[in-house]
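Chain residues, written in single-letter form:
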Amino acid sequence: MSFLAILLLALAMSTDAFAVAICRGVSLKSTPFLGALKVGILFGFVEAITPLLGWLIGYIALQYIERWDHWIVFAVMLLLGLNMIYHSFKEDNDDNCDAKPLPSSKKSFLILVLTAVSTSIDAFAVGVGLALASVNIYIAATMIGLATCIMVTLGLLLGKKIGCLIGKQASFIGGIVLIVIGSITLYQHLAI
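Below or above, wherever it landed, is the structure these notes cover.

Conventions adopted
- Residues numbered from 1 in each chain as written.
- Predicted model: local features only at pLDDT ≥ 70, side-chain atom pairs only at ≥ 80, totals over all residues.
- Heavy atoms only, no water.
- Helix = DSSP H or I, 4+ residues; strand = E, 2+ residues; numbered from the N terminus.
- Contact = heavy atoms within 4.5 Å.
- Expected span 1.5 Å × (residues − 1).
- Bend = angle between axes of the 7 residues up to and from the residue.
- 1 Å grid on protein atoms, 1.4 Å probe; cavity = no way out; pocket = protein on both sides within 12 Å on 5 of 7 lines; lining within 4 Å.
- Points joined across faces, edges and corners; volume = space filled by probe spheres on them.
- Nonpolar A, V, L, I, M, F, W, Y, C, P; charged D, E, K, R; others polar.
- Buried < 20%, exposed > 50% of the residue type's maximum accessible area, 1.4 Å probe, protein only.
- Phe/Tyr/Trp six-rings, centres within 6.5 Å; stacked < 30°, edge-to-face > 60°.

### Re the overall build of the chain
A count of helical and extended segments in the chain gives five helices and zero strands. For the chain, the sequential pattern of α-helices and β-strands runs α-α-α-α-α. Sequence-distant contacts in the chain: of pairs separated by 6 or more residues, those separated by 24 or more amount to 97%.

### Some points on helix 2 (residues 33-65)
Relative to the 48 Å expected for 33 residues at 1.5 Å per residue, helix 2 spans 46 Å between its end C-alpha atoms, a close match to the ideal helical length. Within helix 2, the axis deviates most sharply at Tyr59, by approximately 30 degrees.

### Here we look at empty space enclosed by the protein
For the structure shown, the criterion picks out one cavity of 30 Å³ or more. Roughly 30 Å³ of internal volume is contained in the largest cavity. Val20, Ala21, Arg24, Val39, Phe43, Leu112, Thr115 and Val152 are the residues that line the largest cavity. When contributions to the lining of the largest cavity are tallied by element, the ones reaching two or more residues are helix 1 (3-27), helix 2 and helix 4 (106-132). A total of three residues in the lining of the largest cavity trace back to one element, the largest contributor, which is helix 1. For the lining of the largest cavity, the residue count by class is six nonpolar, one polar and one charged.

### A look at the side chain of Thr115
Position of Thr115 among the secondary structure elements: in helix 4. Judged by its relative accessible area of 15%, Thr115 falls in the buried class. Among residues more than four places away in sequence, those in contact with Thr115 are Val20, Arg24 and Phe43.

### Focus: the packing of aromatic side chains
Going through the model one piece at a time under the given rule, you end up with two aromatic pairs. Taking the centre distance of 5.1 Å and the plane angle of 15 degrees together, the rings of Trp55 and Tyr59 count as stacked. In this pair, Trp55 and Tyr59 both sit in helix 2, four residues apart, roughly one turn of the helix. Ring geometry for Phe89 versus Phe172: centroids 5.5 Å apart, planes at 75 degrees, classification edge-to-face. Of this pair, Phe89 sits in helix 3 (residues 69-89) while Phe172 sits in helix 5 (residues 137-191), placing them 83 residues apart in sequence. Phe172 sits in the partly exposed class, given a relative accessible area of 30%.

Purely geometric numbers; function is a separate question.
Given below as structure tokens:
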């Protein structure tokens, strides 16, 4: 996988967290930069850890499924991409737009952590696929974490200005990117 493909993957993986951050930013009266950055770092950290865990599982399983690995990568990317596209069109997906302000208590911090985990579950599956695609997971996970940190911070800061509609469009584009990356991986293995 090329550097450009990993960069596009990192941006695609950050779009769901970006959409949540935009919608949360819509509900805030004001968002201080430091507060937005702290939330961005939390989301970025979680988003960087989950592909590492997925990669470990995928690496262990690689010896058993090596013959079909390119099909599995394609299927994972296709399903995740379609899921992101589906949720970008889903009408009742506005529940994130009623999000509460940045955490100020332990309970709201826990909710924020759970939100970060829920937006990074797809990164776990991508990590499995990256093990099968023989990608340097440390570079990929770092890029995914940095992209998510930046996107969440920007989403919180710009939420009032751009609203939830842009967040849904970002999820749609992220889904398309995942499908394209999966298709390219499949093509490269079948063309050899």
